[in-house]
Each structure stands twice: as C-alpha cells, then as structure tokens.
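Chain by chain, the residues:
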Amino acid sequence: MSDPEPTTSQPTTTSARVRFPAERWILAPRTTWQARRIAADFGPGMDAGTAWMMARLQRHPDESPYIVNRLDGEQTS
C-alpha cells in the first residue's frame, strides 16, 4: 500500500469583499478606496458603512461630530 498523497486544502471561508455603491466611488473615490482597504484589513465582520466612516474620519477629522451623531442615532433606534 502506498501512502496517500498530501492534499492542499483551500480554506472553507471565502473572502467576501465589502461592496460600496457607485455614488461613493464617483463622489469620494479616495475615501472609498481607503474604506475598502480598512474593511479588507479588518476581515469578515466589518460592514461597508463602518469602514467608510472610519476612512472618512482619517481623511477628514473635522467631520467627527457628524459621524458621532450618526452613530448615536443608530444606537438609539
């Protein structure tokens, strides 16, 4: 009997990319690209909205009151 050949198994989880609407790509391409990278680095579990807000804060920290208000509104709903 010969030993079975080792097989290289592929991971069972696939890397699902976070998708952003075309409007975001057209109106804010650099922020959207950065948000895509943030979501990819974080891994599964990061939604597009959160990644986009994080990228927006990195590029435009002066907009933090708007994002904080939006996040507070989501928690109270």
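Going along each chain's sequence as written, the residues are numbered from 1 onward. Where local features are concerned, this predicted model is filtered to residues with pLDDT of at least 70; where side-chain atom pairs are given and counted, the filter is 80 or more; whole-chain, interface and lining totals use all residues. Excluding hydrogens and water, the side-chain figures rest on all heavy atoms present in the structure.

## Examining the side chain of T32
- Residue placement: T32 occurs in helix α2 (residues 29-42).
- In protein, a polar contact means a hydrogen-donor-capable atom and an acceptor-capable atom, both N or O and within 3.5 Å, with residues adjacent in sequence counting only if both atoms are side-chain atoms; elsewhere, any N or O pair within 3.5 Å suffices. Among the polar contacts listed, one links the side chain of T32 to the side chain of W52, at a separation of 3.3 Å.
- When sequence neighbours within four positions are dropped, the list of residues in contact with T32 reads F20, R24, W25 and W52. Each helix is a run of DSSP H or I of at least 4 residues and each strand a run of E of at least 2, with the numbering of both proceeding from the N terminus. In this description, contact between two residues means that some pair of their heavy atoms is separated by no more than 4.5 Å.

## Focus: the packing of aromatic side chains
- Put simply, two rings from Phe, Tyr or Trp (the six-membered ring, in Trp's case) pair if the centres are within 6.5 Å, and we call them stacked under 30 degrees between planes, edge-to-face over 60, tilted for the rest. Considering all chains together, one arrives at one aromatic pair under this definition.
- If you follow R24 out to its NZ or CZ, it ends over the ring of W52, 4.1 Å from the centre. Over a ring means this: the NZ of a Lys or the CZ of an Arg is within 6 Å of the ring centre and within 35 degrees of the ring normal.

## Observations concerning the nonpolar core
- Ranked by size, the top nonpolar core spans 10 residues in total: F20, A28, A35, I38, A39, M46, A48, A51, W52 and A55.
- Every element with two or more residues in this core is listed here: α2 and α3 (48-59).
- Here the element with the most residues in this core is α3; it accounts for four residues.
- The residues touching A55, leaving out its near neighbours within four places in the chain, are T31, Q34, A35 and I38. As used in this record, nonpolar core signifies buried Ala, Val, Leu, Ile, Met, Phe, Trp, Tyr and Cys residues forming a set joined through side-chain atoms within 4.5 Å. To sort residues, take the accessible area from a 1.4 Å probe on protein chains only and compare it with the maximum for the residue type: under 20% means buried, over 50% means exposed, and anything in between is partly exposed.

## Focus on the pattern of salt bridges
- Criterion for a salt bridge: a side-chain nitrogen of Lys or Arg within 4 Å of a carboxyl oxygen of Asp or Glu. Following the criterion strictly, the structure yields two salt bridges and no others.
- In this structure, the salt-bridge partner of D41 is R37, at a minimum N-O distance of 3.3 Å. Linking D41 with R37, this pair stays in helix α2, spanning four residues, or about one helical turn.
- In this structure D41 comes out as exposed when scored by relative accessible area, which is 61%.
- Overall, the relative accessible area of 38% leaves R37 in the partly exposed class.
- In this structure, E63 and R56 form a salt bridge, with 2.9 Å as the shortest nitrogen-oxygen distance.

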